[in-house]
Protein chains: 2
Amino acid sequence: MFGRTLTRELSPTALRRSLSTASGSGLKINSDRLLETLHRTCEWGAAHRYGEGPTETGMARLCLTDDDAKVRRWLQGEVEKLDCTVTIDQMGNMFARQRGSLGSPAPMTAMGSHLDTQPRGGRYDGILGVLAALEVLRTMKEHGFRTNYDIGLVNWTNEEGARFPKSMCSSGVWAGAIPVESAWGLTDIFNPAVTLRSELERHGFFGQVACSNDPATGYPLGAHFELHIEQGPILEEAGKSVGVVRGAQGYRWLTITVAGRDAHTGTTPLAARRDPVLAASKMIVASNAVAKKYGALASTGVLKLPLSSSTNTVASDVTFTLDIRHPQDRIVHAVQEECLQAFADIAREDGKGVSFDWTLDTDSAAVEFDETCIKAVQDAATHLVGANKWMEVTSGAGHDSVYTSRHCPTAMIFVPCKEGVSHHPEEYCSPADCALGTQTLLEAVVNYDRTRGERSAL
Amino acid sequence: MFGRTLTRELSPTALRRSLSTASGSGLKINSDRLLETLHRTCEWGAAHRYGEGPTETGMARLCLTDDDAKVRRWLQGEVEKLDCTVTIDQMGNMFARQRGSLGSPAPMTAMGSHLDTQPRGGRYDGILGVLAALEVLRTMKEHGFRTNYDIGLVNWTNEEGARFPKSMCSSGVWAGAIPVESAWGLTDIFNPAVTLRSELERHGFFGQVACSNDPATGYPLGAHFELHIEQGPILEEAGKSVGVVRGAQGYRWLTITVAGRDAHTGTTPLAARRDPVLAASKMIVASNAVAKKYGALASTGVLKLPLSSSTNTVASDVTFTLDIRHPQDRIVHAVQEECLQAFADIAREDGKGVSFDWTLDTDSAAVEFDETCIKAVQDAATHLVGANKWMEVTSGAGHDSVYTSRHCPTAMIFVPCKEGVSHHPEEYCSPADCALGTQTLLEAVVNYDRTRGERSAL
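Along every chain, residues carry numbers that run from 1 in the direction the sequence is written. As they are written, the chains are lettered A onward and the ligands numbered 1 onward, keeping that order. Restriction of local features to residues with pLDDT of at least 70 applies here, the model being predicted, together with a cutoff of 80 or more for giving and counting side-chain atom pairs; totals for whole chains, interfaces and linings are based on all residues. Based on all heavy atoms of the structure, the side-chain values leave hydrogens and waters out of the count.

1. Some remarks on the packing of helix H4 (residues 66-81) of chain A against helix H5 (residues 127-142) of chain A
Residues and elements named next belong to chain A.
Working step 1: Structural elements are reduced to axes, namely lines fitted to C-alpha atoms, with helices fitted over the stretch in contact, and the angle between N-to-C directions of any two is expressed from 0 to 180 degrees. The way it works is that DSSP assigns letters per residue, a run of H or I at least four long becomes a helix, a run of E at least two long becomes a strand, and they are numbered from the N terminus. In the contact formed by H4 and H5, the axes pass within 11 Å of each other and the chain directions differ by 15°. On the basis of their axis angle, the class for H4 and H5 is roughly parallel. H4 and H5 meet at a crossing whose hand is left-handed. The segment H4 lies against H5, with Trp74, Leu75, Glu78 and Val79 engaging Val130, Leu131, Leu134 and Arg138.
Working step 2: Of the residues assigned to the contact of H4 with H5, the class counts are six nonpolar, no polar and two charged. For classification purposes, angles smaller than 35 degrees are called roughly parallel, those larger than 145 roughly antiparallel, those between 65 and 115 roughly perpendicular, and all remaining angles oblique. Crossing handedness is defined as follows: a turn of the near helix away from the far one that is anticlockwise and smaller than a right angle gives a left-handed crossing, while the clockwise case is right-handed. Between two residues, a contact is recorded if the distance between any of their heavy atoms is within 4.5 Å. Each residue is assigned to one of three groups, with Ala, Val, Leu, Ile, Met, Phe, Trp, Tyr, Cys and Pro labelled nonpolar, Asp, Glu, Lys and Arg labelled charged, and all others, Gly among them, labelled polar.

Below is the structure:
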């Protein structure tokens, strides 16, 4: 039933194309199985219902919660059914490997993304990428298709950084960009007694292999392909079905703490105050103005007052986050500098002034993906939808591929999501686009596998 | 030891004056006993240590917590030792009554304030007023002094409105300004399962008498005098020892809820956003500008984002409080109107806009106290410190006296507090000023008692 319902939702064109046996690989993914698997596994962490339909909920599957552990154990079982070799590293990253026909010891061509979500997230961000990879492996297995080189799937731990505040956390450790000790030590934002490592151990996902790309101690990859929803409105507005991602914009996350002095709101003249709420508000407004000036993004997603705050007391201090993004690193830095200068002026502006301090929590440089991988995706997209239905894009969000690209050829495939909405319960990618993205992933990795062969044959 | 220490801290002038037997009543309060009692009872709820000294902490004695219940039971025992009749009403307001010499059934002349504090409060706000009243009763008792009319003490419940968010809550119910059902139903700001009534009942402070000024069912008062720290810098800066309070400024508390839409910060262009954090920040900045324009006060003490907020997600909604104050009601209303108009403009300003809603939580009109009561305080102050050492002031904060003044002659006495700081752990009123304020309270109620006699003799 469910499967048929989904099939009916596929647009005739997409259906014909994605199910066409005339594709480069000669394989076709099973879109019903893909969608049924995706929505069934989303029962682990389903939350924030917005409609009556069986799949009309968002997700709250935070990293290494019980629900996340359940879907991880399920994934391990599924890939083992496909005779994949499963390796788990010391950050809980899950690697599933299907042998290639050459029996080469070279690192596998990986298809990776993440199964964790935001607290008010959707059903596609990350999840689609992992389950598309599973569908590709299932399709190859059932057709007895072997790639030349080993191929496999990766589920990266704590990509969202929502429960343990470090985004793309474990691909960052794998890439050597984040010290494993600091990642292990990240604490649950609502329970300082719980660390990422203690949760890895509690659920049995603290693996044997080092979390590293080092062939000697870790788990190197031959390439990394990631299918992901766009999370923005560009493809939809341009009327394109596939986004070939050339790279990712740079971004920096800062935490700013503004210290004032608590005082009675009724008896303390404005001139006598040290009001951190007023100052923080001005800083947030200023950061928005600076971002606009540079055509960049500046966002405050978290803002906290002391629990003891009350209506008739000027708060003692305020903490807020600042997320600055732009495709060019120099612009990201310029926005940060200009914001901090503005904050320093604002701190002196009202009453007796406030003091402020800031920390850099995440620094993700702008990235350009690998030309060979990009070519493999371009060829797949042209084959499936024609040259006029795909476009090149730059990722606005950070992804695990940003870190993998430092140590292996990497590229990403975007598919449209409704109104560009993500990190929201109503995040939605149509069954047709999920299927098309998955077929594109399959064709791209097959294309890349062939070029690996050609290159090694040289 | 402790007592002597305090005595040494008394300035020679204040000591001579406040201990002078040449005062109008012929009585002198015991400043050592007053201060020792104050600091000993502040061990119930002491918090936020800021120095090494035994009394160098603030207070966190929120309404009807276990610590508040302890000091209440202690107070009941102390006034019973003085042969006072104790009555507790259905809001837990505590009335202690000492018989006057005339045996008149007329309502007592009350000395009242509150024993509850802010979460990060000090040792004097409210507490001084109640313990000064106790010291006055003790002094009269030990000297066998009888007023003509009954005189007594009141401890008003939940004046701060910090735990159960309604300030001057129970004097408001007593005055008929707040429906008792809504006051009973107030929930603990951190635990919706706990109500003010459930805590009254848990601690045995849900009394028999109606919380009302109605002689038939409640507990009417003949007059209400309240000693309180100024909570502002005016007396200190003017070099005055006593503030004769002519009235209180009006204020309104609003809660504003701004609704946007959560979205990914990296992939959602500014133009496509509905960002409630940016809008709320602009609203707070705007309210400050409007208040400055009118010479009024506008303050945001509480600002909350959803618990699910994260650095790379635009929040779904923001709630913040707005506290508007001015001695003239028309200015308070004008500031509110202009703020709401500004908020409406701001809501349309950025991206796809936000929506906002607001509620009026507290509306306290400007108040003018009773001339006879004010005269009684003026005469006491002139007698104790001389005409050039006291001044008339308007209260910037709300007080229980604001509500009692609606139904009985009322006045207040202010004493300086260091740097005008209150609602802060370091809130400080010198032993000399505590003693002087208490002596002024004693003289004021004796003066008033005599005028009651004269008037009834006419």
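The discussion continues.
2. Overview of the pattern of salt bridges
Working step 1: Salt bridge, as applied in this entry: a Lys or Arg side-chain nitrogen positioned within 4 Å of an Asp or Glu carboxyl oxygen. Applying the stated criterion to the full structure yields 54 salt bridges over all chains.
Working step 2: Note that Lys70 of chain B is salt-bridged to Asp67 of chain B, the shortest N-O span being 4.0 Å. Here Lys70 of chain B pairs with Asp67 of chain B, and both are found in helix H4 (residues 66-81), just three residues apart, close to one helical turn.
Working step 3: When the shortest N-O distance is used, the salt bridge between Glu338 of chain B and Lys293 of chain B registers 2.5 Å. A residue pair is termed long-range when its members are at least 10 positions apart, and Glu338 of chain B in helix H11 (residues 329-347) and Lys293 of chain B in helix H10 (residues 276-294) qualify at 45 residues.
Working step 4: Note on Lys293 of chain B: relative accessible area 57%, which makes it exposed.
Working step 5: If you follow the salt bridges from partner to partner, you end up with Asp66, Arg163, Asp188, Glu199 and Arg202 of chain A in one network. Buried residues are those whose accessible area, probed at 1.4 Å on protein chains only, stays under 20% of the maximum for their type, while exposed residues exceed 50% and partly exposed ones sit between those limits.

3. Looking at the relation of the copies chain B and chain A
Working step 1: Copies overlap after least-squares fitting; the atoms used are the C-alpha atoms of residues with pLDDT of at least 70 in both. Least-squares fitting of chain B to chain A yields an RMSD of 0.0 Å, with the transformation described by 0.0 Å of translation along the axis and a rotation of 180°. With respect to symmetry, the two chain copies, as superposed, fit the operation of a two-fold axis. Ranked by how close their C-alpha atoms come to the rotation axis, the residues of chain B are headed by Ser281 of chain B, at 2.1 Å.

4. Focus: the packing of helix H3 (residues 31-41) of chain A against H5 of chain A
Residue and element names in this part refer to chain A.
Working step 1: At a closest axis distance of 10 Å, the pairing of H3 and H5 adopts a crossing angle of 135°. Between H3 and H5, the crossing angle belongs to the class labelled oblique. Between H3 and H5 the crossing geometry is right-handed. Judged by residue contacts, Arg33, Leu34, Thr37, Leu38 and Thr41 of H3 engage Ile127, Leu128, Leu131, Ala132, Leu134, Glu135, Arg138, Thr139 and Glu142 from H5.
Working step 2: Per-class residue counts for the contact of H3 with H5 are seven nonpolar, three polar and four charged.

5. Looking at the interface of chain B and chain A
Working step 1: Between chain B and chain A, the contact holds 60 residues from the first and 60 residues from the second.
Working step 2: Among the ionic pairs, Arg261 of chain B bridges to Glu426 of chain A, the shortest N-O distance being 3.8 Å.
Working step 3: Any pair of nitrogen or oxygen atoms within 3.5 Å is treated as a polar contact; in protein, a donor-acceptor pairing is required on top of that, and neighbouring residues in sequence qualify only through side-chain atoms on both sides. Taken together, chain B and chain A are joined by 28 residue pairs in polar contact (both at pLDDT 80 or more).
Working step 4: Only strand S12 (263-264), H10, strand S13 (297-299) and strand S16 (317-326) of chain B provide two or more residues apiece to the side of chain B that touches chain A.
Working step 5: Ranked by residues supplied to the side of chain B that touches chain A, first place goes to H10 of chain B with eight residues.

6. Comments concerning the side chain of Glu199 of chain A
Residue and element names in this part refer to chain A.
Working step 1: Position of Glu199 relative to the elements: it lies in helix H8 (residues 196-203).
Working step 2: Judged by its relative accessible area of 5%, Glu199 falls in the buried class.
Working step 3: Here the side chain of Glu199 touches Arg163 through a polar contact of 2.9 Å, side chain to side chain.
Working step 4: Those residues in contact with Glu199, other than ones at most four positions away along the chain, are Leu64, Arg163, Phe164 and Val194.

7. Considering the environment of Ala133 of chain A
Residue and element names in this part refer to chain A.
Working step 1: Tracing the backbone through its elements, the reader meets Ala133 in helix H5.
Working step 2: With 23 residues separating them in the primary sequence, Ala133 and Ala110 have C-alpha atoms 8.7 Å apart.
Working step 3: The residues contacting Ala133, other than those within four sequence positions of it, are Met111, Leu153 and Leu441.

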